[in-house]
Amino acid sequence: MNVLDRLETTLRVRGGHRLSGSVETHGAKNAALPIMAAALLAKSPVTLHRIPNITDVSVMRQLLEALGARLRSEGPGTLTIDPSNLSSYRAPYTLVRKLAASFDLVGPLLGVFGRAEVPLPGGCVLGTRATDLHEHAFRALGAEVSNAHGYLIATAVARRLRGGEVAFRQPSVGATKNALLAAVVADGTTTLRNVAMEPEVVDLANFLVAMGARVRGHGGDTIVVEGVPELHGVEYEIIADRIVSGTLLLSGCATRGDVTVERCVPEHLALTLAKLSECGVKVTSGTDWIRAEAERITGGTDILTAPHPGFPTDLQPPMLSFLCTCPGISTVEETIFNARFSYVNELARMGADVRVAIENNTALIKGGAPLSGAPVEAPDIRAGAALVVAGLAAQGETEIIGLEYVDRGYERLEEMLSALGGQVQRSSGISPVVEPLGTFETTAYPSLAARGPSA
Ligand code: UD1
């Protein structure tokens, strides 16, 4: 074993096989994580269904246990959280550093203890992770907020938070969730304006309502919360993961396949499906399924990521990989995160012709040239998915290092793809270290080594 080699779990994708058939998607990571945090607000146990078996959920489980909650699973996808013995308002850095979504704990801890101490998320591979919008909301609800020794410390000035007016300068998924979590047990009415409208925010609000919270307007740009003294336990099923559903459809399209995703919510993917249709994909859907037939791709399209109902930033990487297979020019402009194109350097190893103009965060894709399998490295969850989509379309074998990122957001992705006829295998062994290519003249990415929690 060479000193530069290391023991890795990798994904081996043998490309060039058309995917076809049906596959079920799993529960949404970005709904499950805040809902698990929200369970701390209940006075009695909460039982959750369709919890995805992914590593981000394992980290959140450990965090809740570190705070004193008791957790147990009664079968796949089911998790009971008993928060009655909650004993700490301080989240340990050793766990928080692995999961940016741990910041969702601030709202519930403020609600339960009137105090929260949670490490700041800092930066991650996608860009800066600011917390000013969260802090703005906590202050408007009557908390004092400070940063000390890498922690955000929030304390309710009165015994309970009090309702208030919060106007966000821009929609933020995390800040909307945190403000909602803090407001449900505050004293009085809170109005949240210019909030995020993502389906996962709506699912969190629906869960809180099921626990006895009084929330209205979720799904629109203003949410009104009338605080209640306490919330009760409940049984609740998490919504389908629209990003996993989209990744599975894009995997099929990249191989010119015919893939149906079941147990999903088509309207959560409305713009993504419209963009696939623009490329020539025949898209049909029913109440809880989507079929994408991609035998006749006519060209590419232009993508602009934006808050929901705009094109989801988390599907930007797998969409870009699919566009590499579409003839003609496509563009992808990223408006949510400022460093989300680093995986393009890895796609270049596979022969993709993509140029990124850093000054306007836009990628220009010259699609249609065949991709070829290569060893590549995933820098974050969705970039890992992008490399899988490209690998499925490429001729030959692609070995993807960094599978631990994919496992943070996808439950056994290789099994879902194999069920569709994909040749995808997880393997552990000694992998050569991939030397990064030089950056393109128009690109300047942070080092792939500078890793941290990503979305
Ligand atoms: C969530 C999702 C992530 C998704 C993202 C956008 C989870 C666990 N993660 O991340 O998968 O990509 O929404 O759909 O649900 N911002 C500020 N100040 C703040 C908060 C955010 O400037 O206080 C900025 C961020 O730097 C970013 C943008 O707002 O540029 C959007 O962030 P936000 O919507 O908060 O995303 P997350 O909740 O972190």
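Computed from a predicted structure; not experimentally measured.

What counts and what doesn't
Residues numbered from 1 in each chain as written. Predicted model: local features only at pLDDT ≥ 70, side-chain atom pairs only at ≥ 80, totals over all residues. Heavy atoms only, no water. Near = heavy atom within 4 Å. Polar contact = N/O pair within 3.5 Å; in protein donor to acceptor, adjacent residues only side chain to side chain. 1 Å grid on protein atoms, 1.4 Å probe; cavity = no way out; pocket = protein on both sides within 12 Å on 5 of 7 lines; lining within 4 Å. Sits in = over half its atoms within 2 Å of the grid points. Nonpolar A, V, L, I, M, F, W, Y, C, P; charged D, E, K, R; others polar. Domains from an automatic or database assignment. Contact = heavy atoms within 4.5 Å. Buried area = accessible area lost by both parts, 1.4 Å probe. Salt bridge = Lys/Arg side-chain N within 4 Å of Asp/Glu carboxyl O. Helix = DSSP H or I, 4+ residues; strand = E, 2+ residues; numbered from the N terminus. Phe/Tyr/Trp six-rings, centres within 6.5 Å; stacked < 30°, edge-to-face > 60°. Buried < 20%, exposed > 50% of the residue type's maximum accessible area, 1.4 Å probe, protein only. Lys NZ or Arg CZ within 6 Å of the ring centre and 35° of its normal. Axes fitted to C-alpha atoms, helices over the stretch in contact; angles between N-to-C directions. Parallel < 35°, antiparallel > 145°, perpendicular 65-115°, else oblique. Left-handed = near helix turned anticlockwise from the far one by under 90°. Points joined across faces, edges and corners; volume = space filled by probe spheres on them.

Some details on the site of the ligand
The full set close to the ligand counts 21 residues, and Asp132, Leu133, Ser172, Asp314 and Ile336 are the nearest of them. Arg169 places a side-chain nitrogen or oxygen 3.4 Å from an oxygen atom of the ligand. Val173 has a polar backbone atom sitting 2.8 Å from an oxygen atom of the ligand. Placement of the ligand is best described as lying within the largest pocket. The class makeup of the residues in the shell around the ligand is seven nonpolar, eight polar and six charged. Both of domain 1 (3–25 + 245–449) and domain 2 (29–228) provide at least three residues apiece to the shell around the ligand.

A closer look at the domain arrangement of the chain
Put simply, an interface is often sized by how much accessible area is lost when its parts join up. Segmenting the chain into domains produces domain 1 (3–25 + 245–449) and domain 2 (29–228). The distance between the C-alpha centroids of domain 1 and domain 2 comes to 30 Å. Domain 1 puts 22 residues into the contact, and the matching count from domain 2 is 19 residues. A buried area of about 1700 Å², summed over both sides, lies between domain 1 and domain 2, and 50% of it is on carbon and sulfur atoms. Counting every contact that joins domain 1 to domain 2 gives one salt bridge. Put simply, Asp56 and Arg408 hold a salt bridge, and the shortest N to O gap is 2.6 Å. Secondary-structure elements contributing two or more residues to the side of domain 1 that touches domain 2 are α12 (381–393) and α13 (403–409). With four residues, α13 is the single largest residue contributor to the side of domain 1 that touches domain 2. Per-class residue counts for the side of domain 1 that touches domain 2 are seven nonpolar, five polar and ten charged.

Overview of the packing of aromatic side chains
The geometry of two aromatic rings is summed up by the distance between their centres and the angle between their planes. Scanning the entire structure with this criterion turns up two aromatic pairs. A centroid spacing of 5.8 Å and a plane angle of 70° characterise the contact between Tyr89 and Phe113, whose relative ring orientation is edge-to-face. One end of the pair, Tyr89, is in the loop between β5 (79–82) and α3 (93–96); the other, Phe113, is in helix α4 (residues 106–113), with 24 residues separating them in the sequence. In this structure Phe113 comes out as partly exposed when scored by relative accessible area, which is 31%. Ring centres 5.3 Å apart and planes at 70° place the aromatic pair Phe207 and Tyr236 in the edge-to-face group. On the criterion of sequence distance, the pair formed by Phe207 in helix α7 (residues 199–210) and Tyr236 in strand β15 (residues 235–237) is long-range, its members being 29 residues apart. For Arg90, the ring lying beneath its charged end belongs to Tyr151, and the centroid distance is 3.8 Å.

A few points about the pattern of salt bridges
Counted according to the given criterion, the structure contains 28 salt bridges. Linked through salt bridges whose partners overlap, the residues forming this network are Arg12, Arg14, Glu397 and Glu399.

Section: the packing of α4 against helix α6 (residues 173–183)
Close contact between α4 and α6 brings their axes to 7 Å; oriented N to C, the two are set at 15°. Classified by the angle between their axes, α4 and α6 sit roughly parallel to one another. Viewed along their axes, α4 and α6 form a crossing whose handedness is right-handed. Across the interface between the two elements, Val106, Gly107 and Pro108 from α4 touch Asn178, Leu181 and Ala182 from α6. Of the residues that constitute the contact of α4 with α6, the class distribution is four nonpolar, two polar and no charged.

Considering the layout of surface pockets
By volume, the largest pocket amounts to about 1100 Å³. Counting residues per element, the ones that place at least two in the lining of the largest pocket are α1 (29–38), α5 (132–140), α6 and α8 (242–254). It is α1 that provides the largest number of residues to the lining of the largest pocket, a total of four residues.

Examining the side chain of Ser245
Here Ser245 lies in helix α8. A polar contact of 2.7 Å, which involves the side chain of Ser245, links it to the backbone oxygen of Asp241. Not counting residues within four places of it along the chain, the set of residues in contact with Ser245 comprises Thr25, Val261, Cys264 and Leu269.

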